[in-house]
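Structural overview
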Amino acid sequence: MYQTLKHLTPQHQIGALFVLVFGLLLLASVTVFLLSMREHAEPQAEQAQHDHIATLSRLLRTSWLLIFIFWLAWLAGDVARLVLFGVGSFFALREFLTLSPTRQGDHRSLVLAFFVVLPLQYVLVGTEHFNLFTVMIPVYVFLALPVASALANDPKHFLERNAKLQWGIMVCIYGMSHVPALLLLDFSGYDKKNAFLVVFLVLVVQTCMVTQHLVARQCKRPLAAPNISQSFTWHSWRWGMAAGSLLGALLAGITPFVPGQAFALGLVACAAGSLGHLVMKALKRDRGIPIWQGGDKSITGAGGMLDRVDSLCFSAPVFFHSVRWYFGI
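Read on for an overview of the structure. The model shown is predicted, which means the values in this text are computed figures rather than measured ones. (Residues numbered from 1 in each chain as written. Predicted model: local features only at pLDDT ≥ 70, side-chain atom pairs only at ≥ 80, totals over all residues. Heavy atoms only, no water.)

**Concerning the overall build of the protein chain**
- Looking only at helices and strands, the protein chain has eleven helices and two strands in total.
- Listing the helices and strands of the protein chain from first to last along the sequence gives α-α-α-α-α-α-α-α-α-α-β-β-α.
- The buried share among the 329 residues of the protein chain stands at 50%.
- The long-range share in the protein chain, meaning contacts at least 24 apart out of those at least 6 apart in sequence, stands at 76%.
- Looking at the protein chain as shown, the accessible area adds up to about 15800 Å², and 67% of this sits on carbon and sulfur atoms. (Helix = DSSP H or I, 4+ residues; strand = E, 2+ residues; numbered from the N terminus. Buried < 20%, exposed > 50% of the residue type's maximum accessible area, 1.4 Å probe, protein only. Contact = heavy atoms within 4.5 Å. Areas by Shrake-Rupley, 256 points an atom, 1.4 Å probe, with all protein chains shown as cover.)

Here's what the structure looks like:
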């Protein structure tokens, strides 16, 4: 499979991926629909089935959305890509902060976060100042925002308020900004096909997540963190990691990696994405909600953005820096 994909033209690679990905997603969607039609005599079994279908449906919707983002990234120009992900960061941060009440003294910091930090981060990505963009938020912004809050003269819950804002910026801006940064990395002989790196990242991480959920459903093992997640076990996590990494090796032909490198980088991305998803679950439990999006309408009013990109926000920075370190870019 590696040699076959490697020697295809970019247009033929796109066609092969279109058939593979959309065919698998369509098959999975039909399967979930048929499962939802099953009826159970016992109310407890019916509720368990409903919860299972709801989780699978969310994973599939996330997969459809992320693949759609890949196609947009492939078709759009560099500026349009940055705007697309910048808007995504804006709504994700808005959603995060909606569930983290702020005070009058936070308004300066919020203005800086949305209208200075966010656009500046994406400008640094677009101008390929990679060394600066990787440290601006975790170093300079993390020092500057508390200063702005302190000057507002409001010490009540100061540490908690600033920690919430800094964590939101880290996930929603810093994490997501690494996705368009992948599109700008320069690999020798790769002919600017970096959009395939995004689809590689999305496919391996989503495969890991779906496999982990299915194995946890079928194989009952002790929960690793029962107060955080009712589906995370180390047994299912290992299966998910193996499935995502193996798929990464099989997809090496669309990347600048050889199969061994693709397997290792897929493993790193899956670990970051799956464990990052667990962290976001912990944040949701702390806020007292099961998911960022509730029912037909997002609890936050921002469309449930974080439910769809949380694993990507964790896996993209780890994947980006692993690639840069390995290839010396």
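Let's pick the thread back up.
**Considering the packing of aromatic side chains**
- One pass over the structure, following the stated rule, counts 17 aromatic pairs.
- Summarising the aromatic geometry, the rings of Phe90 and Phe114 are spaced 5.1 Å apart at their centres and angled 65° between planes, so their arrangement reads as edge-to-face. One end of the pair, Phe90, is in helix α4 (residues 78-98); the other, Phe114, is in helix α5 (residues 107-126), with 24 residues separating them in the sequence.
- The class of Phe90 is partly exposed, set by a relative accessible area of 27%.
- Take Phe114: its relative accessible area is 14%, and that puts it in the buried class. (Phe/Tyr/Trp six-rings, centres within 6.5 Å; stacked < 30°, edge-to-face > 60°.)

**Quick look at the packing of helix α6 (residues 130-151) against helix α7 (residues 158-182)**
- Axis separation between α6 and α7 bottoms out at 10 Å; the angle between their running directions is 160°. One finds that α6 runs roughly antiparallel with respect to α7. Classified by chirality, the crossing of α7 by α6 is right-handed. In this structure, α6 uses Phe130, Phe133, Thr134, Ile137, Pro138, Val141, Phe142, Leu145, Pro146, Ser149 and Ala150 to contact α7, whose residues at the interface are Phe158, Asn162, Leu165, Gln166, Ile169, Met170, Ile173, Tyr174, Ser177, His178 and Ala181.
- Its residues placed into classes, the contact of α6 with α7 shows 16 nonpolar, six polar and no charged. (Axes fitted to C-alpha atoms, helices over the stretch in contact; angles between N-to-C directions. Parallel < 35°, antiparallel > 145°, perpendicular 65-115°, else oblique. Left-handed = near helix turned anticlockwise from the far one by under 90°. Nonpolar A, V, L, I, M, F, W, Y, C, P; charged D, E, K, R; others polar.)

**Here's the deal with the side chain of His178**
- The topology assignment puts His178 in helix α7.
- A polar contact of 3.1 Å, which involves the side chain of His178, links it to the side chain of His321.
- Beyond its immediate chain neighbours, meaning those up to four positions away, His178 contacts Phe133, Thr134, Ala316, Pro317, Phe320 and His321. (Polar contact = N/O pair within 3.5 Å; in protein donor to acceptor, adjacent residues only side chain to side chain.)

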